[in-house]
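Spelled out from the first residue to the last, the chains are:
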Amino acid sequence: QVKLVESGGGLVQPGGSLRLSCTASGVPFNPYLIGWFRQAPGNEREFVGAITGTGNNLYQSDSLKGRITISRDSTTGTVYLEMDNLKREDTAVYYCAAAIRDLAPTNWFAYNFWGQGTQVTVSS
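Notes on the structure follow. Here the structure is a predicted model, which means the values were calculated and not measured.

Quick word on the overall build of the chain
Along the backbone of the chain there are zero helices and eleven strands. Mapped in sequence order, the helices and strands of the chain form the string β-β-β-β-β-β-β-β-β-β-β. On C-alpha atoms alone, the chain measures out to a radius of gyration of 13 Å, which is about the 14 Å that the 2.2 N^0.38 rule sets for 124 residues. Counting only C-alpha atoms and orienting by the principal axes, one finds that the chain spans roughly 40 × 30 × 25 Å. Within the chain, the proportion of its 124 residues that are buried is 40%. Partitioning the contacts of the chain with sequence separation of at least 6, the portion at a separation of at least 24 is 56%.

Written out as structure tokens, the structure is:
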């Protein structure tokens, strides 16, 4: 079955950096769009960024642009989300998701498969 697994979350102090990974298996289509979203308690799911199967970085959140980098490892297929200068407001569960098409990469409803998320906590 389709399985997406996020990893790399944890506790970091404000101003620190973190790199999250997303590995997909069993996805019945290739290439596919990979998007990153985050959700803090009581908040709506928020778009972070997305990358196409060919490695094109399509969109980045306006509030996060300049602090995040999304890349795809062509040898492993792993998609990375690197975040720099982390703030307390970045604390959330981060999810990666796969979509068949890239018609609405910023809309979480457009994604077909989801990982279980990885917790990122920014605190001193």
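Concerning the state of the cysteines
Under the defined criterion, the tally for this structure stands at one disulfide. A sulfur-sulfur distance of 2.1 Å marks the disulfide that ties Cys22 to Cys96. The S-S bond linking Cys22 to Cys96 shows a torsion near 70 degrees; that makes this disulfide right-handed. Of this pair, Cys22 sits in strand 3 (residues 18-25) while Cys96 sits in strand 9 (residues 92-99), and the two are 74 residues apart along the sequence. Of the two residues, Cys22 and Cys96, both sit in the buried class.

Conventions adopted
- Residues numbered from 1 in each chain as written.
- Predicted model: local features only at pLDDT ≥ 70, side-chain atom pairs only at ≥ 80, totals over all residues.
- Heavy atoms only, no water.
- Helix = DSSP H or I, 4+ residues; strand = E, 2+ residues; numbered from the N terminus.
- Rg over C-alpha atoms; globule rule 2.2 N^0.38 Å.
- Buried < 20%, exposed > 50% of the residue type's maximum accessible area, 1.4 Å probe, protein only.
- Contact = heavy atoms within 4.5 Å.
- Disulfide = S-S within 2.5 Å.

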